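# Breakdown of the fold
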Amino acid sequence: MTDLNTLHYSEEHEWVAVDGDTASIGITDFAADALGDIVFVELPAVGTSFSRGDVFGEAESTKSVSELYAPVDGTVVEINDAVVDDPSLVNSAPFEGGWLIKISIAEGAVDGLLDRDAYVALTEG
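Everything quoted here is computed from the prediction, not taken from an experiment. (Residues numbered from 1 in each chain as written. Predicted model: local features only at pLDDT ≥ 70, side-chain atom pairs only at ≥ 80, totals over all residues. Heavy atoms only, no water.)

### A word on the overall build of the protein chain
- Broken down by element type, the protein chain carries four helices and nine strands.
- Computed over the C-alpha atoms, the radius of gyration of the protein chain is 13 Å, within 12% of the 14 Å expected from 2.2 N^0.38 for a compact globule of 125 residues.
- Relative to its full complement of 125 residues, the protein chain shows a buried share of 40%.
- Within the protein chain, contacts between residues at least 6 apart in sequence are counted, and of these 60% link residues at least 24 apart.
- For the protein chain, the accessible area works out to roughly 6,300 Å², and carbon and sulfur atoms hold 47% of it. (Helix = DSSP H or I, 4+ residues; strand = E, 2+ residues; numbered from the N terminus. Rg over C-alpha atoms; globule rule 2.2 N^0.38 Å. Buried < 20%, exposed > 50% of the residue type's maximum accessible area, 1.4 Å probe, protein only. Contact = heavy atoms within 4.5 Å. Areas by Shrake-Rupley, 256 points an atom, 1.4 Å probe, with all protein chains shown as cover.)

Right, dumping it as structure tokens:
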């Protein structure tokens, strides 16, 4: 189980797990619950670069389509093919098997993101 206190969060409901100069990105359980049953995920190609705030993909649910926003600058080094094949992983395991992409990041890339307490306060407010 991922320690949710070690993750960084965006106000757009993405989470970031940093491992050296690589970051895994996914959407939070709050976002997955709000979307409902996710039936399709579109992710960028490996090698795609983006800046914080750029749209990097979308998640389609039985309720709506939601754009996915890059919480940090980086270049995609891996996509989660399991989520492309089975989008329901985002609902069932948003912090584990439901991760979306891994990107290369620069030092300090997560500066300005929320910690767990701030994200919980945001979503409960």
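So much for the structure itself; the text now carries on.
### Regarding the nonpolar core
- In this structure, Ile 27, Phe 56, Val 72, Val 90, Leu 100, Ile 101 and Ile 103 are the most contacted members of the largest nonpolar core, which totals 26 residues.
- Of all the secondary structure elements, the ones that give two or more residues to this core are strand E3 (22–27), helix H1 (29–35), strand E4 (38–42), strand E6 (55–61) and strand E9 (101–104).
- When near neighbours in sequence (up to four residues on either side) are disregarded, Phe 56 contacts Ile 25, Glu 42, Leu 43, Pro 44, Phe 50, Leu 68, Tyr 69, Ala 70, Leu 100 and Ile 101. (Core = buried A, V, L, I, M, F, W, Y, C linked by side-chain atoms within 4.5 Å.)

### A short note on the pairing of strand E7 (residues 65–69)
- In this sheet, E7 lies alongside E6 in antiparallel orientation, the contact comprising five bridges. Bridge pairing links Val 55 to Tyr 69 in E7.
- The hairpin turn running from E6 into E7, its antiparallel successor, is three residues long. (Pairing = 2+ DSSP bridges.)

### A word on the UniProt feature "domain: Lipoyl-binding" (unreviewed entry) in the protein chain
- UniProt's entry tags residues 22–104 with the feature "domain: Lipoyl-binding" (unreviewed entry), counted in the numbering of this structure.
- Here residues 22–104 is 19% helix and 42% strand, with 5 Å between the C-alpha atoms at its ends. (UniProt positions renumbered as here; feature names shortened; annotations may be inferred.)

### Details of the packing of aromatic side chains
- The tally for this structure, following the rule as stated, stands at three aromatic pairs.
- Considering the side-chain rings of Tyr 9 and Tyr 119, the 4.9 Å spacing of their centres and the 15 degrees angle between planes classify their relative orientation as stacked. On the criterion of sequence distance, the pair formed by Tyr 9 in strand E1 (residues 8–9) and Tyr 119 in helix H4 (residues 116–124) is long-range, its members being 110 residues apart.
- On the basis of an interplanar angle of 20 degrees and a centroid distance of 5.8 Å, the ring pair of Phe 50 and Phe 56 is categorised as stacked.
- According to the relative accessible area criterion, Phe 50 is buried, its value standing at 8%.
- The cationic tip of Lys 102 hangs over the ring face of Trp 99; the distance from NZ or CZ to the ring centre is 4.9 Å. (Phe/Tyr/Trp six-rings, centres within 6.5 Å; stacked < 30°, edge-to-face > 60°. Lys NZ or Arg CZ within 6 Å of the ring centre and 35° of its normal.)

### Considerations on the UniProt feature "modified residue: N6-lipoyllysine" (unreviewed entry) in the protein chain
- What UniProt calls "modified residue: N6-lipoyllysine" (unreviewed entry) maps, in this numbering, to Lys 63.
- If sequence neighbours within four positions are ignored, Lys 63 has contacts with Asp 33, Ala 34, Leu 35 and Gly 36.

### Brief notes about unusual backbone geometry
- With phi around 80 degrees, His 13 is a residue other than glycine that occupies positive phi space.
- In this structure, His 13 sits in the loop between E1 and strand E2 (14–19).

### Concerning the sheet that holds E7
- Strand order in the open sheet made by the three strands is E4-E6-E7, with antiparallel pairing throughout. Strand pairing shows two members of the sheet lacking a second neighbour, E4 and E7, which therefore form its edges. Across the sheet, the mean angle from the axis of one strand to that of its neighbour is 25 degrees, orientation sign disregarded. (Axes fitted to C-alpha atoms, helices over the stretch in contact; angles between N-to-C directions.)

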